Amino acid sequence: MLEAFRLPVCWLLVVPVLAQVRHPLPVLWMSMGDNLTAGVSVAVRLALQDLKRQPPPLGDYEIQFQLLDSQCDPAESLKALFDAMWAEPNYLLLFGGACPSVTALIARSLPALNLLQVSFEASSPSLSNRKLYGNLFSTVPSDRGLNQATVKLLQRFKWSRVGVITQEGPRLSEMKKDLSRQLLKADVQVVSSESLSEDVCSSLRRLKESDVRIIIGQFEEDSASKVFCCAYRLNMFGARYQWLVVDGGTSGWRLKVSGCTDDSLLTAADGSIRLQMRRLGNAKTPGISGRTPQDYQDSYLRQVIQDRSDVSPLHTFAYDAVWVAARALSQVMEAVKLREKYSSQRNVSVSGEEVQRTLVEAVKQTQFEGITGPVFFRNGERMTSIELIQFQGSRGVLVGDFSTSTQQLRLMNQLLKFTGPGPARDQNLVLVQRQHVSFLLNGMISSAAAVTIFITLTLLFIVIRRKHCDGSQDELLLLGVLLSSSSVLVSGLDGASWSSWTSELLCSVRLWTVSLGHTLSFTVLFITTWRLHPLCSIKQKPAGCSLLLLLLVLLLEVSVLSTWQILDPLRRVVLQLGPQSVSEDQDQVVQLFSERCSSSNMQLWLAAVCGYKAPLLGLGCLVAWSVRMLDHPGPLSVFAVTAFSVSGLLGFLLTDHNPPVHLCVTSVLVLGCNVFILSRLFGPKVLDDGEPSEPREDEETRRLSGLNQQLRNLTAQLDVEIESISMQLHETSELHRGTRGRHTAQVCSEDRNPERDPLSPDDINSPEHVRRRLSVQLPILHLSYLPAGVSASSSSLFVPHDDHFLFH
């Protein structure tokens, strides 16, 4: 069986053996039968030819390959390897590689076999683990370098939202896992990750439904045409999309597939960027082999044409891999010779483990200019450059590169071309804007509040100058109007232009002024309306009761607001509003936000405040309804303040998310309520005071004068009726004298004595009895004509009082 895997390698040598003696270096070459193509063989033959021309000590050694067919079977590969190691000669190095599963298994067993592997096709990211694969070196850079270049490109254009579509396969699956780890580390969101199955369009359609704009494609070159054909059908190209194709293929795309025209494929692929390994260096000077990269490329192509074989995409890496193996082995052999020659002990042999360690260190320190560029290793990985090729029109243009050694991305912006005005966006551009109150609206509301405050101060000055005994209620009412109007002025201040502490202070000032102003104004109106009620008019209440009620309500108000301020103070919070699309072509979305004063338990505190204000409003409306017929502005003012209060609360809750509307609605309601109070209660009196020809009488005096005139008219009517009844009584007395028996029966059926005299004092219908009844009934009749709320026992109501401004 061993002889079946041991093939002659003389066919690799086309140059006649020179006269000089060259020491053989046996090397195992593991590969699959399908992978051992003529294209790779041509590169190996050119490398062996160039090695022969090298000066000593490199030219003193000759690599002899022993081929092993892995058949892509781990069991068969291990058996072939063990058989080769058991037989002669003693192998120190394993060349090439196989499928990823076999390569991973063989690489983990290399330390136990004292072998080192130099591969030109092992690029799986999982093989970068030096603890498990410390004896594996590959001239093909790891796919981790492609993923690193992809992440750097995403960061350069600030793309943080991507989608990934990957073709099924062992290598690309490992590549996808490594890419996901790197994207997570770079804080790049993978919105959707799809597998490239038989139905390519379904996978792309799911990416489009997820609104993916930046698409990372990991697929082989033969699948590119299918992908871009579906992208054209789904309109996933142009200025809104950017394709990043991560592959290790050649720099050119051969886009051709049934179902799409060539123009359609070119249109869909236009602007896409492909990341690939650099396969041919760009040095103009000869490298270690004596060839420039272009000289080698020409020689290789001539030999391929001569042999009528296909070009292998890995031929340049295979060429450099032969040089890495030859340099490392020659250095180890020379080191062993020197040690045996100059050792103090004779017949000293170097152990296999020591030779193996020396060989590993030699490969780690390898550094030369190869066909693929500078060849050196860092942490066991080949350092190289990743090329960025952009598809423009019908050709690929090199627009940048990424160095795996320095982790630097270099872009040639003058060569980059995008189908849109610039790079595509990974999502709609969100323009964050603060929704603020316009300067014009703020100025109008502030001016109205200032005018209201000025009028209130003027009226307050007039009231204080009059110094009447009940003027304190007028002053309290004006003070409440002044506080609520000041809250509107504070609301117009822009909290964003102030510090955090100042903004919180403004929130507290606004709450206290509007709440205290409302409570103070309505309580005074309630007390005034209650004093008009008949229950209060029967017996005059002392003024101290009204003051006590006012103090109790204000004490409750201050207690609730203080508790709110201490336990859960108001702060400026940011409220995110719904996005508003600006332009579909520009992919811009305006994200509005607003700032408002709020607490953690805002609804709970509002419910607590409404809990004691709502009963007060309801009781005030009930009292005002009972005295609505009186000619007094108090009841109507209570109804108006209640309506404004309910409307203000609803407007506050419904427009809190929109600062301009919120400020406009609440300010108009507060100022409207204040203007109504000033115009209804204080306006007529101010107008009357402005006329010097008329006597200065307050409203209460006029009302009582009117009631006095009505009572005088009623008294005159009663006098006429009394006189008429007296005359009728006199006629009735005369009539009773002639018809005593009949009248006696009609008037008093109980008395049936015909002997009783109707004119006697004992008769019930005698004139004396009739006068007595009238003396009792007429005052009662007089009281029945008095209007509600007027005390008949108080004669002081019908005489002039001292001047009062509004209330008594």
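How each quantity is defined
- Residues numbered from 1 in each chain as written.
- Predicted model: local features only at pLDDT ≥ 70, side-chain atom pairs only at ≥ 80, totals over all residues.
- Heavy atoms only, no water.
- Helix = DSSP H or I, 4+ residues; strand = E, 2+ residues; numbered from the N terminus.
- Buried < 20%, exposed > 50% of the residue type's maximum accessible area, 1.4 Å probe, protein only.
- Contact = heavy atoms within 4.5 Å.
- Areas by Shrake-Rupley, 256 points an atom, 1.4 Å probe, with all protein chains shown as cover.
- Pairing = 2+ DSSP bridges.
- Axes fitted to C-alpha atoms, helices over the stretch in contact; angles between N-to-C directions.
- Parallel < 35°, antiparallel > 145°, perpendicular 65-115°, else oblique.
- Left-handed = near helix turned anticlockwise from the far one by under 90°.
- Nonpolar A, V, L, I, M, F, W, Y, C, P; charged D, E, K, R; others polar.
- Disulfide = S-S within 2.5 Å.
- Phe/Tyr/Trp six-rings, centres within 6.5 Å; stacked < 30°, edge-to-face > 60°.
- Core = buried A, V, L, I, M, F, W, Y, C linked by side-chain atoms within 4.5 Å.
- Patch = residues over 30% accessible without salt bridge, like charges linked within 9 Å, V, L, I, M, F, W, Y side chains within 5 Å.
- Salt bridge = Lys/Arg side-chain N within 4 Å of Asp/Glu carboxyl O.

Caption draft 1: Here's a closer look at the overall build of the protein. Helix and strand counts for the protein come out as 23 helices and 19 strands. Split into buried and exposed, the 808 residues of the protein put 47% on the buried side. Once local pairs closer than 6 in sequence are excluded, the contacts in the protein between residues at least 24 apart make up 74%. Of the roughly 41,200 Å² of accessible surface on the protein, 58% is carried by carbon and sulfur atoms.

Caption draft 2: Local environment of the sheet that holds strand β13 (residues 381-382). Here three strands make up an open sheet; going across it, the order is β11-β12-β13 and the pairing antiparallel. In this open sheet, the two strands that pair with only one neighbour each are β11 (367-370) and β13. Relative to β13, strand β12 (residues 373-378) is paired through two bridges, and the arrangement is antiparallel. Pairing of Arg378 across the sheet is with Glu381, part of β13.

Caption draft 3: Seen up close, the sheet that holds strand β14 (residues 385-392). Taken together, eight strands build an open sheet; the order of strands is β7-β6-β8-β9-β10-β14-β15-β16 and the sheet is mixed. Every other strand in the sheet has two partners, leaving β7 (189-196) and β16 (408-411) as the edge strands with one partner each. For this sheet, the mean inter-axis angle between neighbouring strands, taken without regard to orientation, is 25°. Bridge count for strand β10 (residues 273-277) against β14 is five bridges, and the pairing is antiparallel. Note on β14: the bridge partner recorded for Arg274 is Ile389.

Caption draft 4: Spatial organisation of the pairing of β14. Among the eight residues of β14, eight are classified as buried, and the element is accordingly described as predominantly covered. Burial along β14 is two-sided: the face carrying Ser385, Glu387, Ile389 and Phe391 and the face carrying Ile386, Leu388, Gln390 and Gln392 are both buried. Relative to strand β15 (residues 395-403), β14 runs antiparallel, the two sharing eight bridges. The residue of β15 that forms the bridge with Gln392 is Arg395.

Caption draft 5: Up close: the packing of helix α15 (residues 500-530) against helix α18 (residues 602-626). Taken N-terminus to C-terminus, the directions of α15 and α18 make an angle of 30°; their axes are 10 Å apart at the nearest point. By the angle between their directions, the pair α15 and α18 is classed as roughly parallel. As α15 packs across α18, the resulting crossing turns out to be left-handed. Each of Ser515, His518, Thr519, Phe522, Thr523, Phe526, Thr529 and Trp530 in α15 lies in contact with α18, whose residues at this interface are Tyr612, Lys613, Leu616, Leu617, Leu619, Gly620, Val623 and Ala624. Looking at the contact of α15 with α18 residue by residue, the class counts come to nine nonpolar, six polar and one charged.

Caption draft 6: Expanded view of the state of the cysteines. On inspection of all chains with the given rule, the structure shows three disulfides. In this model, Cys201 is linked to Cys230 through a disulfide, with the two sulfur atoms separated by 2.1 Å. The S-S bond linking Cys201 to Cys230 shows a torsion near -80°; that makes this disulfide left-handed. Placement of Cys201 in helix α7 (residues 200-209) and of Cys230 in helix α8 (residues 224-233) is noted, with a sequence separation of 29 residues between them. Here Cys201 falls in the buried class, since its relative accessible area comes to 14%. Residue Cys507 pairs covalently with Cys597 via a disulfide, S to S 1.9 Å. Between Cys507 and Cys597 the disulfide shows an S-S torsion of about -70°. By sign, it is left-handed. Linking Cys507 in helix α15 with Cys597 in strand β19 (residues 588-598), this pair joins segments that are 90 residues apart in sequence.

Caption draft 7: Just the packing of aromatic side chains, in detail. By the definition in use, this model includes 13 aromatic pairs. With centroids separated by 5.5 Å and ring planes inclined at 55°, the aromatic side chains of Phe228 and Trp243 adopt a geometry described as tilted. Of this pair, Phe228 sits in helix α8 while Trp243 sits in strand β9 (residues 242-246), placing them 15 residues apart in sequence. For Phe228, a relative accessible area of 0% translates into the label buried. Given a relative accessible area of 3%, Trp243 falls into the buried group. Measuring from centroid to centroid gives 5.9 Å for Tyr296 and Tyr300, while their planes differ by 25°, and the two rings are stacked. On the criterion of helical spacing, the pair formed by Tyr296 and Tyr300 is a turn pair, its members being four residues apart in helix α10 (residues 293-307).

Caption draft 8: Molecular detail of the nonpolar core. Core analysis: the biggest nonpolar cluster contains 80 residues, and Phe65, Phe95, Leu154 and Val322 have the highest contact counts within it. Not counting chain neighbours up to four residues away, the residues in contact with Val322 comprise Val44, Ala47, Leu48, Leu51, Ile63, Phe65 and Phe95. Ranked by size, the runner-up nonpolar core spans 26 residues in total, among them Cys201, Ile215, Ala231 and Phe391.

Caption draft 9: Highlighting the side chain of Asn147. With respect to the helices, strands and loops of the structure, Asn147 is situated in helix α5 (residues 143-156). In contact with Asn147, not counting residues within four places along its chain, are Met175, Asp178, Leu179, Gln182 and Gln218.

Caption draft 10: Geometry of a nonpolar patch on the surface. Residues Val646, Leu649, Leu650, Leu653 and Leu654 make up a contiguous nonpolar surface patch of about 450 Å² in total accessible area. Secondary-structure assignment places Leu653 in helix α19 (residues 633-654).

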